[in-house]
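The lines below spell out each chain.
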Amino acid sequence: MAIPVVLDVDTGVDDACALLLAALHPALDLRAVTCVGGNAAVDAVVANTLTVLDAADRPDVPVARGADRPLLEEPVDARHVHGQDGMGDLDWPKSERQPDPRHAVELLRDMLLEAAEGDVDRRITLIPLAPLTNISLLLRTYPSAAKGIREIVFMGGGAEVGNATASAEFNVFHDPEAAAVVLDASAELDIQVTMYGLDVFYAPRVGQETARMLSAPGGRDAADLAGRLIAFQCERFGTVDATIGDAGAVCAVLEPAGVRRERLPVRVELAGTWSRGRTIVDRRDWSAGLHHDPHGQARSTIDVCLEVDAQRYATLWLDTVGGGMR
Ligand code: RIB
Ligand code: CA
């Protein structure tokens, strides 16, 4: 039975890599994609997402527009990383398809409430790959929708490193309040959460030569696009390979044994001058009792991915987008 999934994206070069994997792998049932402002403005994210789903020949997957800005922070995009159009400026044919008329939060509500009525194996795995604004609004506005969630596997945060700042990872830094709300609401609503953060995010990589083979003339649209996305990153950063980025979080749903995870208390720093948006992953041994700690243990304890079998996930992505899996 294919795993029902919904991706929440800010497409995004690596979000596009994740969308191709989710759209093409037979073990996943991609039910919908919701969009949020992040790497690019939300309307560009919607356009990019529809374009990627066209390349994957998946016109059946609804796409909905969500929050165009964070809960409190001013929106700041990442076009310096992802290009002016947010997806590598590839001049790829734009989709003619229209997004779903519902707001992303309403589409998520409808799908999750329907899933909650069905068999437990129809519960949906939410895979947020962007700032968590949509997910925070969903969980606070429609908490009963949580019954339709199997688990949340999100790309964000990090136990050891940052990228947007020395402390914080981009998705969490973009909307720290949303990330804090998602962790708090998940604890309150008993939702299983896995954090696929920067400790593993950069490791699964694909070489530029492999990318060139994917984009060989006459190849499938999806493979050609996948190769172009990797090639853009290699050119942008002057490297011989590039990370599959967000696609790694989808790999962690497909092959959970590919990551080593620890169940740890996690908080989001909201006030720090230099640390705002940091995911504070508490790796101390609480069984020994840390009563001296005035902060106490964080309310949210989640699975934090600390190591990844990078080759396994890179191969999984390549085998799928290269056309071997459908
Ligand atoms: O920090 C990496 C994250 O920020 C990824 O989701 C990437 O797409 C960007 O949104
Ligand atoms: Ca992203």
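Residues numbered from 1 in each chain as written. Chains lettered and ligands numbered in written order. Predicted model: local features only at pLDDT ≥ 70, side-chain atom pairs only at ≥ 80, totals over all residues. Heavy atoms only, no water.

Peer 1: Whenever I open this one, the environment of Pro128 confuses me. Can you help?
Peer 2: Checked against the element boundaries, Pro128 lands in strand 4 (residues 124-128). Take Pro128: its relative accessible area is 1%, and that puts it in the buried class. Every residue in contact with Pro128, bar those within four places of it in the chain, is listed here: Asp8, Ile135, Ile152, Val153, Phe154 and Met155. (Helix = DSSP H or I, 4+ residues; strand = E, 2+ residues; numbered from the N terminus. Buried < 20%, exposed > 50% of the residue type's maximum accessible area, 1.4 Å probe, protein only. Contact = heavy atoms within 4.5 Å.)

Peer 1: Would you mind going over the site of ligand 1 with me for this structure?
Peer 2: Asp14, Asp15, Asn163, Glu169 and Asp246 are the nearest of the 13 residues found near ligand 1. Between ligand 1 and Asp14, the relevant distance is 2.6 Å, taken from an oxygen atom to a side-chain nitrogen or oxygen of the residue. The contact in question runs from an oxygen atom of ligand 1 to an N or O atom on the backbone of Leu129, over 3.0 Å. Surface burial for ligand 1 is 95%, taken as the share of its 270 Å² of free accessible area covered by protein chains. Mapped by element, the contributors of at least two residues to the shell around ligand 1 are helix 1 (13-24) and helix 6 (170-174). Here the shell around ligand 1 is built from residues that sort into four nonpolar, four polar and five charged. (Near = heavy atom within 4 Å. Polar contact = N/O pair within 3.5 Å; in protein donor to acceptor, adjacent residues only side chain to side chain. Areas by Shrake-Rupley, 256 points an atom, 1.4 Å probe, with all protein chains shown as cover. Nonpolar A, V, L, I, M, F, W, Y, C, P; charged D, E, K, R; others polar.)

Peer 1: When you look at the pattern of salt bridges in this model, what are you seeing that I'm missing?
Peer 2: Any two side chains of opposite charge can pair if their charged atoms end up close together. Under the counting rule described, the total for this entry stands at 23 salt bridges. Arg122 is the salt-bridge partner of Asp29, the closest N and O atoms lying 3.0 Å from each other. In this pair, Asp29 is assigned in strand 2 (residues 28-35) and Arg122 in the loop between helix 4 (104-117) and strand 4, connecting sequence segments 93 residues apart. Among the residues examined, Arg122 registers a relative accessible area of 25% and is labelled partly exposed. A single network of salt bridges, built from pairs that share partners, joins Asp100, Arg102, Arg109 and Asp110. (Salt bridge = Lys/Arg side-chain N within 4 Å of Asp/Glu carboxyl O.)

Peer 1: What exactly am I supposed to notice about the coordination of the calcium ion (ligand 2) here?
Peer 2: Ideal donor angles around a metal are set by the shape: a four-donor tetrahedron calls for 109.5 degrees, a six-donor octahedron for 90 or 180 degrees. Here the calcium ion (ligand 2) is held by the protein donor atoms Asp10 (OD), Asp15 (OD), Asp15 (OD), Leu129 (O) and Asp246 (OD), which lie 2.2 to 2.6 Å from it. Each donor residue of the calcium ion (ligand 2) lies on one chain, and together they are spaced D-x4-D-x113-L-x116-D. With a gap of 231 residues between them, Asp15 in helix 1 and Asp246 in the loop between strand 8 (241-243) and helix 11 (247-254) connect regions that are remote in the sequence. Grouping residues by exposure puts Asp15 and Asp246 together as buried. (Donors = N, O, S within 2.8 Å, 3.2 Å for Na, K, Ca; no water.)

Peer 1: I'm lost on unusual backbone geometry in this one. Help?
Peer 2: Negative phi characterises most residues that are not glycine, and trans characterises most peptide bonds. The amide bond that connects Thr11 to the next residue, Gly12, takes the cis arrangement and shows omega of -25 degrees. Unlike most non-glycine residues, Asp57 shows phi in positive territory, near 55 degrees. Along the polypeptide, Asp57 turns up in the loop between helix 2 (42-55) and strand 3 (63-65). Even without glycine at this site, Asp190 takes up a positive phi of about 60 degrees. Examined against the element boundaries, Asp190 turns out to sit in the loop between helix 7 (176-188) and strand 6 (193-196). A relative accessible area of 70% means that Asp190 is categorised as exposed.

Peer 1: How do you make sense of helix 10 (residues 221-237) when you look at a structure like this?
Peer 2: Counting along an α-helix, one turn takes 3.6 residues, and residues three or four places apart therefore face a common direction. For helix 10, spanning 17 residues, the distance from its first C-alpha to its last is 24 Å, which sits close to the expected 24 Å at 1.5 Å a residue. For helix 10, the complete set of buried residues consists of Ala222, Ala223, Asp224, Leu225, Ala226, Gly227, Leu229, Ile230, Phe232, Gln233 and Cys234. Taken from the residues just after helix 10, Gly238 is the one with a positive phi, measuring 65 degrees. (Expected span 1.5 Å × (residues − 1).)

Peer 1: Explanation requested: the state of the cysteines in the structure shown.
Peer 2: Here, disulfide denotes a covalent bond that connects the sulfur atoms of two cysteines. Applying the stated criterion across every chain yields a total of zero disulfides. You can see Cys17 has no disulfide; the closest cysteine sulfur is in Cys251, sitting 10 Å from it. Taking the relative accessible area as the measure of exposure, Cys17 reaches 0% and is therefore buried. No disulfide involves Cys35; its sulfur sits 16 Å from the nearest other cysteine sulfur, which is in Cys17. Look at Cys35 and you get buried, because its relative accessible area is 0%. (Disulfide = S-S within 2.5 Å.)

Peer 1: Explain the packing of aromatic side chains here, please?
Peer 2: Aromatic rings considered in pairs are described by the distance between their centres and by the relative angle of their planes. One pass over the structure, following the stated rule, counts one aromatic pair. Measuring from ring centre to ring centre gives 4.9 Å for Phe201 and Tyr202, while their planes differ by 90 degrees; the resulting arrangement is edge-to-face. A relative accessible area of 9% means that Phe201 is categorised as buried. The positively charged end of Arg109 is found above the aromatic ring belonging to Tyr142, 4.9 Å away from the centroid. (Phe/Tyr/Trp six-rings, centres within 6.5 Å; stacked < 30°, edge-to-face > 60°. Lys NZ or Arg CZ within 6 Å of the ring centre and 35° of its normal.)

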